[in-house]
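# Geometric and topological summary
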Amino acid sequence: MAKWTAKHEAPEPLEGPVVATVTGGTILWFALFLVQLPFYGWFADRGQLWWVWTCAAGGFLGLIGIWYVRGRDAALKRHAAERAAEAEAEAAGQAGQAGQDGQAGQDGQDGQAGRDGRPGPQV
């Protein structure tokens, strides 16, 4: 049997409001738990208490999920800020290097003279 290989690259994962989604789901689980509490005896008489405790477990696991996705969101934002700072530093370094080479750089002289006063290349 031949091994299957993908014909196309996988698309990038969709990023959405993950923290809001998990928070909404957690609130929903707790709301369902609270709605079922007045009927605890009815569920107990029919052997269906797992309905009540499933909602409680969903709410508590949702709290763990909120903690997790908030940390993930903070890490993603921190990583994006670091990459932006690196790109900015790299761009500033290239602009400074261009000015030292006599090309258009930080001096704003369009390549006429570099920082050392020597004429730059004619463009």
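Okay, so let's go over this structure.

Quick notes on the rules
- Residues numbered from 1 in each chain as written.
- Predicted model: local features only at pLDDT ≥ 70, side-chain atom pairs only at ≥ 80, totals over all residues.
- Heavy atoms only, no water.
- Helix = DSSP H or I, 4+ residues; strand = E, 2+ residues; numbered from the N terminus.
- Salt bridge = Lys/Arg side-chain N within 4 Å of Asp/Glu carboxyl O.
- Buried < 20%, exposed > 50% of the residue type's maximum accessible area, 1.4 Å probe, protein only.
- Contact = heavy atoms within 4.5 Å.
- Patch = residues over 30% accessible without salt bridge, like charges linked within 9 Å, V, L, I, M, F, W, Y side chains within 5 Å.
- Areas by Shrake-Rupley, 256 points an atom, 1.4 Å probe, with all protein chains shown as cover.
- Phe/Tyr/Trp six-rings, centres within 6.5 Å; stacked < 30°, edge-to-face > 60°.
- Expected span 1.5 Å × (residues − 1).
- Arc of directions from axis to C-beta.

## Some remarks on the overall build of the protein
Helix and strand counts for the protein come out as three helices and zero strands. Its helices and strands in sequence order give the protein the pattern α-α-α, from N to C terminus.

## Brief notes about the environment of Tyr-68
Note that Tyr-68 resides in helix H3 (residues 49–100). Residues Tyr-68 and Val-19, spaced 49 residues apart in sequence, show a C-alpha to C-alpha distance of 9.1 Å.

## Here we look at the environment of Arg-70
Mapping Arg-70 onto the fold places it in helix H3. In sequence terms Arg-70 and Ala-20 are 50 residues apart; their C-alpha atoms lie 9.7 Å from each other.

## Topic: the pattern of salt bridges
As enumerated under the stated definition, the model contains two salt bridges in all. In this structure, Arg-72 and Glu-15 form a salt bridge, with 3.0 Å as the shortest nitrogen-oxygen distance. Of this pair, Arg-72 sits in helix H3 while Glu-15 sits in the segment before helix H1 (18–36), and the two are 57 residues apart along the sequence. Classification of Arg-72 as partly exposed rests on a relative accessible area of 34%. For the salt bridge of Lys-77 with Asp-73, the shortest nitrogen-to-oxygen distance reads 3.5 Å. In this pair, Lys-77 and Asp-73 both sit in helix H3, four residues apart, roughly one turn of the helix. Classification of Lys-77 as exposed rests on a relative accessible area of 56%. Judged by its relative accessible area of 30%, Asp-73 is partly exposed.

## Re the side chain of Thr-26
The topology assignment puts Thr-26 in helix H1. When its relative accessible area of 4% is taken as the criterion, Thr-26 is described as buried. Once residues within four sequence positions are removed from consideration, Thr-26 is found in contact with Gly-59, Gly-62, Leu-63 and Ile-66.

## Some thoughts on a nonpolar patch on the surface
On the surface, Leu-34, Leu-37, Tyr-40 and Trp-53 cluster together to form a nonpolar patch covering roughly 390 Å² of accessible area. Residue position: Leu-37 is located in the loop between H1 and helix H2 (40–45). Judged by its relative accessible area of 35%, Leu-37 is partly exposed.

## Points about the packing of aromatic side chains
Taken as a whole and assessed by the stated rule, the structure comprises five aromatic pairs. Grouping aromatic residues by their ring pairs yields a cluster made of Phe-33, Tyr-40 and Trp-53.

## Quick notes on H1
Because an α-helix packs 3.6 residues into every turn, residues spaced three or four apart end up facing the same way. Counted at 1.5 Å a residue, the expected span for H1 with its 19 residues is 27 Å, and the 27 Å between its end C-alpha atoms agrees. Here H1 has its buried residues at Thr-26, Phe-33 and Gln-36. Each buried residue of H1 sits inside an arc of 100° when the element is viewed along its axis, so together they form one side. Exposed residues on H1 whose side chains face more than 90 degrees from its buried face are Ala-20, Thr-21, Ile-27, Leu-28, Leu-34 and Val-35.

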